[in-house]
Amino acid sequence: MKEKETTIQKLESELETYQSCGISLLLEGRESSPASIVNACMVAENGTYMRDYIQDECGKIDTINFNFVSENE
C-alpha cells in the first residue's frame, strides 16, 4: 500500500508543478485539477490514462490532456 501512496503523491506533485508553470491540465478535454486527474488515474478500470502533450507555436508544452485508453482497443 505504501508504494501506491508514494506513486499517487509523486503524480500529484508532478501535475502541480506543471500547473504552477502555466501548463493547462485537461482530463478528457476538460480543464481539471491535479487531484481530479490523480483520482481518475487511480480508479480507472479496464484501461489507463494516456498523456497527450500539446505544444504551442514555439514548441513549448502548453497543455497536457489525459485521455482514457481502454484495454480492449
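Higher on the page you've got the structure.
What counts, and at which threshold
- Residues numbered from 1 in each chain as written.
- Predicted model: local features only at pLDDT ≥ 70, side-chain atom pairs only at ≥ 80, totals over all residues.
- Heavy atoms only, no water.
- Helix = DSSP H or I, 4+ residues; strand = E, 2+ residues; numbered from the N terminus.
- Buried < 20%, exposed > 50% of the residue type's maximum accessible area, 1.4 Å probe, protein only.
- Areas by Shrake-Rupley, 256 points an atom, 1.4 Å probe, with all protein chains shown as cover.
- Arc of directions from axis to C-beta.
- Contact = heavy atoms within 4.5 Å.
- Core = buried A, V, L, I, M, F, W, Y, C linked by side-chain atoms within 4.5 Å.

A. Up close: the overall build of the protein. Assigned secondary structure in the protein consists of 2 helices and 4 strands. Shown N-terminal to C-terminal, the secondary structure of the protein runs as helices and strands in the order α-β-β-α-β-β. In terms of its C-alpha atoms, the protein occupies a principal-axis envelope of roughly 40 × 30 × 15 Å. Scored against the burial criterion, the 73 residues of the protein give a buried share of 23%. Carbon and sulfur atoms make up 46% of the accessible area of the protein, which totals about 5200 Å².

B. Representation of helix α2 (residues 34-43) in the model. Taken together, the buried positions of α2 are Pro34, Ile37, Val38 and Ala40. Each buried residue of α2 lies within a common arc of 160 degrees when the element is viewed along its axis, so the set occupies one face. Looking at the buried side of α2, the elements it contacts are α1 (2-20), β1 (24-27), β3 (47-55) and β4 (61-70).

C. The nonpolar core, seen in detail. Counting residues in hydrophobic clusters, the biggest one holds 10 residues: Leu11, Leu15, Ile23, Leu25, Leu27, Ile37, Val38, Ala40, Ile64 and Phe66. Put simply, the parts of the chain that give this core at least two residues each are α1, β1, α2 and β4. Looking at which element gives the most residues to this core, the answer is α2, with 3 residues.

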